[in-house]
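# Commentary on secondary and tertiary structure
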Amino acid sequence: MDDRAPCDDTVDLSVLAADPYPTFDRLRANTPVVWAERLGVWLVTGYDLCRRILADPDTFTVSHPDNILQRTIGPMMLSRDGPAHKRMRRPFAQPLHLPALRRAGMEDRIRSVAEHLIDAFASDGAADLRARFARPLAMRIVADHLGIPFTVELFDIFDAIAAAFANQEDDPRVAAAGQDAFSAFASILDRAPADAPFRSMATHTDPPLDPDETASNVAITVFGGFETVTATVVNTLWAWGRLGLGEEIAQGATTWGTVVEETLRWESPVQTATRHVTREVTLAGTTLRRGDTLQCLLGAANRDPAAFDQPERFRLDRPRTPKVLSFASGPHLCIGAPLARMEAATALRVLLDRLPHLRISEDLPPPRGHEFRSLPALPAHW
Ligand code: HEM
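These notes cover the structure that comes with them. (Residues numbered from 1 in each chain as written. Predicted model: local features only at pLDDT ≥ 70, side-chain atom pairs only at ≥ 80, totals over all residues.)

A few words on the site of the ligand. Around the ligand lies a shell of 25 residues, among which Gly224, Gly225, Thr228, Cys334 and Gly336 are the nearest. Going through the elements one at a time, helix H12 (211–242) and helix H16 (337–354) are the ones with two or more residues in the shell around the ligand. When grouped by side-chain class, the residues that make up the shell around the ligand number 16 nonpolar, eight polar and one charged. (Near = placed C-beta within 6 Å. Helix = DSSP H or I, 4+ residues; strand = E, 2+ residues; numbered from the N terminus. Nonpolar A, V, L, I, M, F, W, Y, C, P; charged D, E, K, R; others polar.)

Here it is, written out as structure tokens:
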């Protein structure tokens, strides 16, 4: 037994992956900062505490040899803090700002990719919309944005990288498969044309990123654009079907943007933001030591009653403040949030315009997963 206190020896990955919300509520009310004995990390469940941690990279850093992302794809913006972080983040963040996306005609591009994908299955009357719509949409848009030649290999590569990122049990085979997948991705980048946009992005910082740094930062950007956008489209459609929101959308009482936003809060696709403690610190009366690891539980923060009224309810009339923590906050705030919101809302609008009789299978279980939360398939018919 560890001497860290308060300590919980009931929470494990299966509890968090299945239905974590009763556990989140219990922890938040009794022990908002708690040592999870079975996971070997501190868990933080409150909205304000998570924000405070994420805003303070001097005390709670991503920079650590144990950073599970860095062990898979090498050092990149989500494994660095301070000036080294800014240098890597800046060139990829700028083209993803909303005005830049608008100038690049991104909404039209999303609409056209969505139409093209729907053309391929519209006459079938049924499809798994995760496999046929959400995944290819997300991969095509992010690959196109960065100028990565599209190949179907990218799906397997980023599935293996996602598994390695979520490998909290430290399975060596999963870790090795993730590293091999990253090498395969770096080879795809090597073969990309000399004028591929990701190459020029990598030069817009001082000093410019070298080829290894470029590959690692492009990999985290593709990963962000693929895994999480897929989950957002899938989770939103699942919530729309389960809660019967079709009429509200059809009558213009709400928008897809609002349904996406509330889904991001209610079933957050990314559930954790992991940090390493750089110096002894006291949080909510609990002392953490240098070298400890903690997880800000974003899905728990997004259901904190101190921040969100009736947090367990899916409400379309929720004010836009406080902001959801689904994209984290502080210096590592997701660079792809404007694209993700635009992409999910635009694609779903096109989907329902084209298939107005769409129905999601009724007996689907809810999303699951601790690190990344979604459904493995989304069978639908029309
Ligand atoms: C709804 C979809 C998305 C969700 C829920 C999401 C969530 C997140 C979260 C929680 C973080 C912070 C992690 C941490 O602080 O530990 C993050 C960072 C990041 N995201 Fe996203 N993301 C999404 C979409 C995207 C998209 C579309 C892209 C790129 C096209 C992207 C690229 C990145 C990158 C590169 C970072 C690292 C930023 C940094 O370290 O400064 N994400 N994302």
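In terms of nonpolar packing, the biggest core is built from 107 residues, with Leu137 and Ile161 touching the most fellow members. Per-element accounting of this core gives the leading share, 15 residues, to H12. Filtering out sequence-adjacent residues up to four positions away, Leu137 remains in contact with Val113, Ala114, Leu117, Val233 and Ala347. (Core = buried A, V, L, I, M, F, W, Y, C linked by C-beta atoms within 7 Å. Buried ≥ 20, exposed ≤ 12 C-beta atoms within 10 Å, placed from the backbone. Contact = placed C-beta atoms within 7 Å.)

What describes two packed helices is the angle between their axes and the distance between those same axes. Taken N-terminus to C-terminus, the directions of helix H7 (residues 106–121) and H16 make an angle of 40°; their axes are 9 Å apart at the nearest point. For the element pair H7 / H16, the angle class is oblique. As for how H7 packs across H16, the hand of that crossing is right-handed. Between H7, through Met106, Glu107, Ile110, Arg111, Ala114, Glu115 and Ile118, and H16, the contact on the second element is made entirely by Leu339, Met342, Glu343, Thr346, Ala347, Val350, Leu351 and Arg354. Taken together, the residues that form the contact of H7 with H16 break down as nine nonpolar, one polar and five charged. (Axes fitted to C-alpha atoms, helices over the stretch in contact; angles between N-to-C directions. Parallel < 35°, antiparallel > 145°, perpendicular 65-115°, else oblique. Left-handed = near helix turned anticlockwise from the far one by under 90°.)

What follows deals with the packing of H12 against H16. Remark: H12 packs on H16, axes separated minimally by 10 Å, with the N-to-C direction vectors making an angle of 45°. Our classification of the angle between H12 and H16 gives oblique. Taken as a pair, H12 and H16 cross one another with a handedness that is right-handed. Taking contact as the criterion, the partners of Gly225, Thr228, Val229, Thr232, Val233, Thr236 and Leu237 in H12 are, on H16, Leu339, Ala340, Glu343, Ala344, Ala347 and Leu348. In the contact of H12 with H16, the residues fall into eight nonpolar, four polar and one charged.

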